[in-house]
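Fold and geometry: a report
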Amino acid sequence: MNLEKRRGSFKISKYDYKEEDLKIPQRSQLVLEMNPVRKSVPILIHEGKPVCDSAVILEYIDEMSKEEGFVRLLPEDAHERALARFWETNPYFGGNEFGFLDLAFIPFSSMFHGYESHGNFELEIECPKLSAWVKRCMARESVSKVLPDSSEMYELHKKWYGID
């Protein structure tokens, strides 16, 4: 992983991206070799060693950024870090800045449409703060460009689990 300083944060300047087709139950040989316990993605392979699970990968990147002198996702103070991991009622889960817990939790928002459909409720009415947080996160290009469409996710999960 080559890290490059960029406006107070970092970017990974050289990497290979490999996508796993989650519609196929059998995982690729790479996934089976790099994550033999869970046999799941995501997997970050750094210097030939796998780091598995979204939250673990985020924490690993955060630790690596510390070594390189970049802005951290988690606060330096241990108590503030604990609060960020638990969550606070601020604009973002970790406080005033988009950070670790937001990155870890926002992918689950892709399933909220399905929960609303099956639970016959509206997230915006039942959970207005959660709904507002999703909108703040989705306003970030770095989030909106990578999250799957919630309607497509709902249809995919209906197919996977045989839900009508």
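How each quantity is defined
Residues numbered from 1 in each chain as written. Predicted model: local features only at pLDDT ≥ 70, side-chain atom pairs only at ≥ 80, totals over all residues. Heavy atoms only, no water. Core = buried A, V, L, I, M, F, W, Y, C linked by side-chain atoms within 4.5 Å. Buried < 20%, exposed > 50% of the residue type's maximum accessible area, 1.4 Å probe, protein only. Helix = DSSP H or I, 4+ residues; strand = E, 2+ residues; numbered from the N terminus. Contact = heavy atoms within 4.5 Å. Phe/Tyr/Trp six-rings, centres within 6.5 Å; stacked < 30°, edge-to-face > 60°. Domains from an automatic or database assignment. Buried area = accessible area lost by both parts, 1.4 Å probe. Arc of directions from axis to C-beta. Lys, Arg positive; Asp, Glu negative; His and termini not counted. Salt bridge = Lys/Arg side-chain N within 4 Å of Asp/Glu carboxyl O. Polar contact = N/O pair within 3.5 Å; in protein donor to acceptor, adjacent residues only side chain to side chain. 1 Å grid on protein atoms, 1.4 Å probe; cavity = no way out; pocket = protein on both sides within 12 Å on 5 of 7 lines; lining within 4 Å. Points joined across faces, edges and corners; volume = space filled by probe spheres on them. Nonpolar A, V, L, I, M, F, W, Y, C, P; charged D, E, K, R; others polar. Axes fitted to C-alpha atoms, helices over the stretch in contact; angles between N-to-C directions.

What to know about the nonpolar core
Y92, F93, F98, L101, I106, F112, L123, W133, V134, C137, V143 and L147 together form the largest nonpolar core, which totals 12 residues. Ranked by residue count, the leading element in this core is helix 7 (residues 128–138), at 3 residues. In this view, V134 contacts I106, S109 and F112; residues no more than four positions away in its chain are not counted.

A short note on the packing of aromatic side chains
Counted according to the given criterion, the structure contains 6 aromatic pairs. Ring plane angle 55° and centroid distance 6.4 Å describe the contact between F105 and F112, whose orientation is recorded as tilted. The exposure class assigned to F105 is partly exposed, which follows from its relative accessible area of 24%.

Re the domain arrangement of the protein
When its domains are assigned, the protein resolves into domain 1 (1–72) and domain 2 (75–163). Centre-to-centre, using C-alpha coordinates, domain 1 lies 21 Å away from domain 2. If you look at the interface, domain 1 gives 6 residues, while domain 2 gives 7 residues. Taking both sides of the interface into account, the surface hidden between domain 1 and domain 2 amounts to around 660 Å²; carbon and sulfur atoms contribute 66%.

Considerations on helix 7
Every buried residue belonging to helix 7 is among S131, W133, V134 and C137, and all of these are buried. Burial along helix 7 is one-sided: seen end-on, the buried residues are contained in an arc of 160°. For helix 7, the secondary structure elements touched by its buried residues are helix 4 (100–105), helix 5 (112–119), helix 6 (123–126) and helix 8 (141–144).

Thoughts on the side chain of D102
Along the chain, D102 falls in helix 4. With no salt bridge to any partner, buried D102 finds its closest opposite charge in R136, at an N-O distance of 7.4 Å. Of the polar contacts made by the side chain of D102, one reaches the backbone nitrogen of G99; its length is 2.9 Å. Beyond its immediate sequence surroundings of up to four residues, D102 is in contact with Y92, F93, G94, E97, W133 and C137.

A closer look at the side chain of H157
Its place among the elements puts H157 in helix 9 (residues 150–161). Taking relative accessible area as the criterion, H157 reaches 16% and is therefore assigned buried.

Things to note about the layout of surface pockets
A volume near 270 Å³ is recorded for the second largest pocket. Of all elements in the fold, only helix 5, helix 6 and helix 7 reach the threshold of two or more residues within the lining of the second largest pocket. Per-element tally for the lining of the second largest pocket: the top contributor is helix 7, with 4 residues. Taken together, the residues that form the lining of the second largest pocket break down as 6 nonpolar, 6 polar and 4 charged.

Some points on the packing of helix 5 against helix 9
Helix 9 packs onto helix 5 with a crossing angle of 65° between their chain directions and a minimal axis gap of 7 Å. Taking contact as the criterion, the partners of H113, G114, S117 and H118 in helix 5 are, on helix 9, S150, S151 and Y154. Broken down by class, the residue content of the contact of helix 5 with helix 9 amounts to 1 nonpolar, 6 polar and no charged.

A closer look at the environment of G99
Here G99 lies in the loop between helix 3 (78–86) and helix 4. The class for G99 is buried, based on a relative accessible area of 4%. Measuring from C-alpha to C-alpha, the distance between G99 and P75 comes to 9.2 Å, with 24 residues separating the pair along the chain.

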